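# Structure at a glance
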Amino acid sequence: MPTSSSRSARRLGGSLAKHATLIAVSVLLGFPLFWMVITSLKTNPQSLAIPPLWWPHPFVWSNYPEMLSAVPFWRFVLNTLMYAGVTIVGVCVSSSLVAYGFSRIRWRGRDVLFQVMVGTLLIPFFATLIPLFTMYKQFHMVGWYLPLMIPTFLGSSVFSTFLLRQFFMTIPESLSDAARVDGANEFTIFSRIILPMAKPALATVILFQFIYCWNDFIGPLIYINNQVWYPLSLGLNLILGTYTTDWPWVMAAATAATAPIIVLFFFTQRTFIKGIAIQGTGVKG
Amino acid sequence: MKDQERHESYTPGRTSRRHSRFLGWNRRLAVALAAVTVVGTVSLGAAGGSAAGAASSTASSPVINLTWWTMWSGATLQLLNTMVTQFNKTHPGIHVTETNIPSSATTSTAKLLSTIAAGDPPDIFTEWWPEIGSFAADGDIVNMNQFLTGQYAGLEKWEYPVAVQAASYKGGLYALPMSLNSWALYYNTPVLAEFGIKSPPKTLAQFDADQAKMWTFSSGRIVTMGFYPDTDGNGFQFYTTFFGATNCFNAAGKYDFESCPGAQAEMKWIASFDKYPYAQVMALQTALGYVAGGQTDIFTNGKSGFELSGPWVGAENVPVSNPDLEGHFGVEAFPGIVPKPSTLGQGNFNIIPKGSAHPAQAFEFISWLAGYHNESFVGSIDPKGGWVPAGPTVTKAPAYQAWLKQNSWLSGFLPQMSSPYTQAPLLTPTQAQLFTAENTATANVLQKIMTPEQALKYIDQQANASS
Amino acid sequence: MQVDVQAKNSPVVPVTLASARRRAFLRSPNRRALRLGLLFVSPWIAGFLLFFAYPFFATVYYGFTDFNGVGTAHWIGFTNYVNLFHDPLFKTSLFNTFYYTAIELPLSTVAALGLALLLNMNVRGRAVYRTIFYVPSIVPLVASCMIFVWLFNPAFGIVNDILIDAHLPSPDWFFSIAWSKPSFILLGLWGLGQPMVIYLAGLQGVPRELYEVAALDGASAWKRLRYITLPMISPVILFNVILQLVLCIAYFTQAQVIEAADPGGPGTSTWFYVQYLYEQAFVFLKLGYSSAMAFFLFVISAVIMVVLFRSSARWVYYANEQQ
């Protein structure tokens, strides 16, 4: 019979092993990040030093205010936030509706149409660019964010729809049926029962849509013509020299672009990683 | 009844309480986000709208608005803005708005092409890809011959001959230079001295001997190097004028580098560098900044004795990346087998896309940018960018002359521009294929994947592919 | 319960002949289900018809023409496809993309799942670990590429320093023909934050009671993984695998950034399919040819996707299976 002290010793040993593994992987994954941040605090010649310089003396903190004031940084951030905000609304509204239709109702051709939807991901963006752009031009949508925003209200984010559909599929059918028996219409079931349950999944969708917009480069590059409206991803490009590559500035820009997401992720991860607590907790039959 | 009860008590006790707190939080957060989004969008829209409105403002006679897209950023962009401001000031009937198109991985061509296809392109576009031939052949850009009248009748003669050659297709002029590039040999004086080389080489044989001395390694890694013909992605094409191999066509008008003696000599010379570790050089170069177009390179870093490059290295790269090198380098005409000096004729060109709303005014702008009847202003701007202008009279401008006097190394770049040996590759519909093939061939020869003969054959094959 | 619902609204109909079946369908609640389903899905259908259909079919059409992007497109039948099959770079790029996909897809699935399992453990400070594991996936692309080029630089990178000190072979990574694709695979494995987080969310949804019951029965950790965890998160596995497949077949931007000095190099080892497609379209202005390439890729990947979905019926377990 294991004694309490040996049990707690085992637990301590187990916990040490867990931490050791986590720390080892963190070092592996985090080292390139360290390199990014430390390079952002070097002078240009220092960043090109061979052998590499691991710890510059002193830290060139001025890289950050210099870089940030070289371009209208805050304007770009606002633009990105606007882009993200609008598309998040579009995605939440349309993708949840579409995901519901693909998961909570059984109808003929549902799965085939679902595969068609996922299949639309299989044609690369550049392949369809010319007709796509010409089409948006006909719709008078080119020049601003419209081609990037309006489709999100029409279920264009296959990623979000797919993700939500997978989560919806794991909710027992019995819940919907019970509500149907009681005479609830489908939309009520959707909005009053299913959607509240999927809050963590929705939070995941919101986070990923935000991050997608934050880093989206190609879409805004193609459709936006006015520098004033550039999102951060395009705007940061403005500070990079044409013939010289100022590595500290590139890394400072990357750090500045990443830092807000790090903060956002750190404080909101509980919300969506918590997962859906509903799965199979004792609901039988 | 039972099922609904089960639903309500569905999430176990503790989590449901946290859940309801979240509901309150989330709802407030959602409302706040929505409000910020709406307010932000409206205010940004107002700000953007007023910014656009200010441009096409009060003039009683209609102002013609031109849009200009370029890939330049950083310090160069500031220079361009200075030029645009000056133009707008001195040309009250035209207003130019310059927009930077970020070109990570050359996506700017994709953007340009889609706007041309959709019928709504910018009025001017600065192209640094050798796409002018393909664009001209496909009818994507405007033939400027129609504007070469009146005060512009003398424009082509005003330019350096090679600038016209680089922009002509089937008798039409399709582009005007923003700046031309002149390629010459940089040498790092202290590094040369370290290996006992007292003066830069005057013949190709001397050059080969000198550069071979300067390669040193330490446990398999490069410490210093002499020269490598494919740094900065500038391969075969850039050495063609030194070997008389720039435009090798056969009687039928097809590319024929395979039979061209100059091309053969050149490719053999390039192959003589295959004894150096390709991967090491590429690794060094990429890490030092050649990524998607950036050009901080091995020479600027002080690790190479020689380099073939243009004025921007000395004017921009060195002061920014390695100020210690200033005053310790020189420039010489490259000692090829063809008489010196010569350079490949290429540069950054302005084109007018098909469908531009105001091509005549666009032409007025780009000829002004080139320095035509605008020598003193452009002559004061070019030094700041380290640019060679489109026409020789600009170099006579006082500001430009002062810059030349201050930087003696610059004298290595100008004589080439008027040299009869200086050539530009003739524009053809497959110009882009040619350039790509030349670069691939160079890399393959250096990696011993192809022999020089195979490389030339490959270039011909790719460049002659039917459209 | 399903039966009860049907009984309320209509008589049970015998399923015999096809026409009888059709009549039954038209009268039965299945028609209502169809209408409802389509109604919910209608935003996507509208978006599909408005924004996807034309560009897609235009591209398919262009594949049979000599379109150059701006001028008129002339029909040339299967010429583009014939030329494709004689194009050595087409075959090379197809191979490169296939190689990358075949290795990256299973590796990244296992790695992301492994990382998620690690992060699922109940340890102190796991919010910090989760953040560190996740952040690499959101670093802007150019920066992450250059960081890797520096760290894996054969001339002076720390990775080779360590390998040389340990007397292990030190390859030329991104600049070696044999090691270039594996280098890109490593880069991809660094940025697995997104699938990892989704796996983590899925793992958190596995009810603890199942593990407790299994522990009581004396099941080992491996058995618990194989018979409880994996089936319970299989919907999320399907999701991540499909999305990784999409990313792998379209992979090229990182290669374009890192190998800018020698596109597709060294040799032709990093010419990925979509990169070659991009070159044909926007460097050579051969949009007919590139459209043919796009359609070819689409057909192949659609087949793979359908096979994946079909097979999913056997290994994906949705907890709402109809009894």
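Residues numbered from 1 in each chain as written. Chains lettered and ligands numbered in written order. Predicted model: local features only at pLDDT ≥ 70, side-chain atom pairs only at ≥ 80, totals over all residues.

## What to know about the overall build of chain A
- A tally of helices and strands in chain A yields 14 helices and zero strands.
- Along its sequence from the N terminus, chain A presents helices and strands in the succession α-α-α-α-α-α-α-α-α-α-α-α-α-α. (Helix = DSSP H or I, 4+ residues; strand = E, 2+ residues; numbered from the N terminus.)

## Brief notes about the overall build of chain B
- The helix and strand tally for chain B stands at 19 helices and twelve strands.
- Here chain B holds 467 residues, and the buried ones make up 54% of them.
- A separation of at least 24 residues holds for 72% of the contacts in chain B among residues at least 6 apart in sequence. (Buried ≥ 20, exposed ≤ 12 C-beta atoms within 10 Å, placed from the backbone. Contact = placed C-beta atoms within 7 Å.)

## Brief notes about the interface of chain C and chain A
- Counting residues at the interface gives 80 residues for chain C and 86 residues for chain A.
- At 19 residues, the largest contribution of residues to the side of chain C that touches chain A is made by helix α3 (residues 29-62) of chain C.
- Split by residue class, the side of chain C that touches chain A holds 62 nonpolar, 16 polar and two charged. (Nonpolar A, V, L, I, M, F, W, Y, C, P; charged D, E, K, R; others polar.)

## Looking at the interface of chain C and chain B
- In this complex, chain C contributes 29 residues to the contact, which on the side of chain B involves 33 residues.
- Looking at the side of chain C that touches chain B, the elements with two or more residues in it are α7 (141-151) and α14 (253-258) of chain C.
- Split into classes, the residues belonging to the side of chain C that touches chain B amount to 18 nonpolar, nine polar and two charged.

## Observations concerning the domain arrangement of chain B
Residue and element names in this part refer to chain B.
- Domains assigned within chain B are domain 1 (64-181 + 346-413) and domain 2 (184-344 + 422-463).
- With 23 residues of domain 1 in contact, the opposing surface of domain 2 contributes 23 residues.
- In terms of residue count, the dominant contributor to the side of domain 1 that touches domain 2 is helix α5 (residues 132-138) (five residues).
- Grouping the amino acids of the side of domain 1 that touches domain 2 by side-chain chemistry returns twelve nonpolar, ten polar and one charged. (Domains from an automatic or database assignment.)

## Examining the sheet that holds strand β7 (residues 184-188) of chain B
Residues and elements named next belong to chain B.
- Strand order in the open sheet formed by three strands is β10-β7-β11, and the pairing between neighbours is antiparallel. If you trace the sheet from one side to the other, it starts and ends with β10 (306-309) and β11 (329-332), each paired once. Mean inter-strand twist for the sheet, computed between neighbouring axes without regard to direction, equals 30 degrees.
- The pairing of β7 with β11 spans four bridges and is antiparallel. Paired with Tyr187 across the two strands is Gly330, which belongs to β11. (Pairing = 2+ DSSP bridges. Axes fitted to C-alpha atoms, helices over the stretch in contact; angles between N-to-C directions.)

## Here we look at the sheet that holds strand β3 (residues 124-127) of chain B
Residue and element names in this part refer to chain B.
- Ordered by their spatial adjacency, five strands build an open sheet running β2-β1-β3-β12-β6, and the pairing between neighbours is mixed. The sheet is open, and its two edges are formed by β2 (94-100) and β6 (176-181), each paired on a single side. The mean inter-strand angle of the sheet, taken between neighbouring strand axes irrespective of direction, is 20 degrees.
- Bridge count for β6 against strand β12 (residues 346-351) is five bridges, and the pairing is antiparallel. Among the inter-strand pairings, Asn181 is bridged to a residue of β12, identified as Gln346.

## Quick word on unusual backbone geometry
- Put simply, His57 of chain A and Pro58 of chain A share a cis peptide bond, and its omega is 0 degrees.
- Mapped onto the fold, Pro58 of chain A is located in the loop between α2 (44-47) and α3 (63-70).
- Although it is not a glycine, His167 of chain C sits at a positive phi angle of roughly 55 degrees.
- When you line up the elements, His167 of chain C lands in the loop between α8 (158-165) and α9 (180-190).
- Look at His167 of chain C and you get exposed, because 7 C-beta atoms sit within 10 Å.

## Concerning helix α11 (residues 208-216) of chain C
- Within α11 of chain C, only zero of the nine residues are buried, which leaves it mostly out in the open.
- Following α11 of chain C by one or two positions, Gly218 of chain C has its phi on the positive side, about 80 degrees.

## Things to note about the packing of helix α11 (residues 261-271) of chain B against helix α18 (residues 431-446) of chain B
Residues and elements named next belong to chain B.
- Taken N-terminus to C-terminus, the directions of α11 and α18 make an angle of 45 degrees; their axes are 8 Å apart at the nearest point. Taken together, the axes of α11 and α18 lie oblique to each other. Contacts between α11 and α18 pair Met267, Ile270 and Ala271 from the former with Thr442, Val445 and Leu446 from the latter.
- In terms of residue class, the contact of α11 with α18 is built from five nonpolar, one polar and no charged. (Parallel < 35°, antiparallel > 145°, perpendicular 65-115°, else oblique.)

## Structural notes on the pairing of β7 of chain B
Residues and elements named next belong to chain B.
- Counting buried positions along β7 gives five out of five residues, so the element sits mostly inside the fold.
- Alignment of β7 against β10, held across four bridges, turns out to be antiparallel. Pairing of Tyr186 across the sheet is with Glu307, part of β10.

## Looking at the domain arrangement of chain A
- Domain annotation of chain A identifies domain 1 (4-39) and domain 2 (70-273).
- Taking the mean C-alpha position of each, domain 1 of chain A and domain 2 of chain A sit 34 Å from one another.

## Topic: the nonpolar core
- Core analysis: the largest hydrophobic core is formed by 304 residues, its most contacted members being Ala167 and Tyr174 of chain B together with Met196 and Leu277 of chain C.
- At 15 residues, the largest contribution of residues to this core is made by helix α4 (residues 73-103) of chain A.
- Residues in contact with Tyr174 of chain B, not counting those within four places in the same chain, are Ile132, Ala136, Ile141, Asn143, Met144, Ala167, Tyr169 and Ile351 of chain B. (Core = buried A, V, L, I, M, F, W, Y, C linked by C-beta atoms within 7 Å.)

## Structural notes on the environment of Pro311 of chain B
All names here are of chain B.
- Here Pro311 shows up in helix α13 (residues 311-321).
- Remark: the alpha-carbon pair of Pro311 and Ser182, spanning 129 residues in sequence, is separated by 7.2 Å.
- Once residues within four sequence positions are removed from consideration, Pro311 is found in contact with Ser182, Gly386, Val388, Leu410 and Phe413.

## Digging into the packing of helix α8 (residues 158-169) of chain A against helix α11 (residues 199-215) of chain A
All names here are of chain A.
- One can describe the packing of α8 onto α11 by two numbers: an axis separation of 10 Å at closest approach and a directional angle of 165 degrees. One way to sum up the angle between α8 and α11 is to call them roughly antiparallel. For the element pair α8 and α11, the recorded crossing hand is right-handed. On the side of α8, the interface is formed by Ser160, Leu163, Leu164 and Phe167, while α11 contributes Ala201, Thr204, Val205 and Gln209.
- Among the residues making up the contact of α8 with α11, the classes are represented as five nonpolar, three polar and no charged. (Left-handed = near helix turned anticlockwise from the far one by under 90°.)

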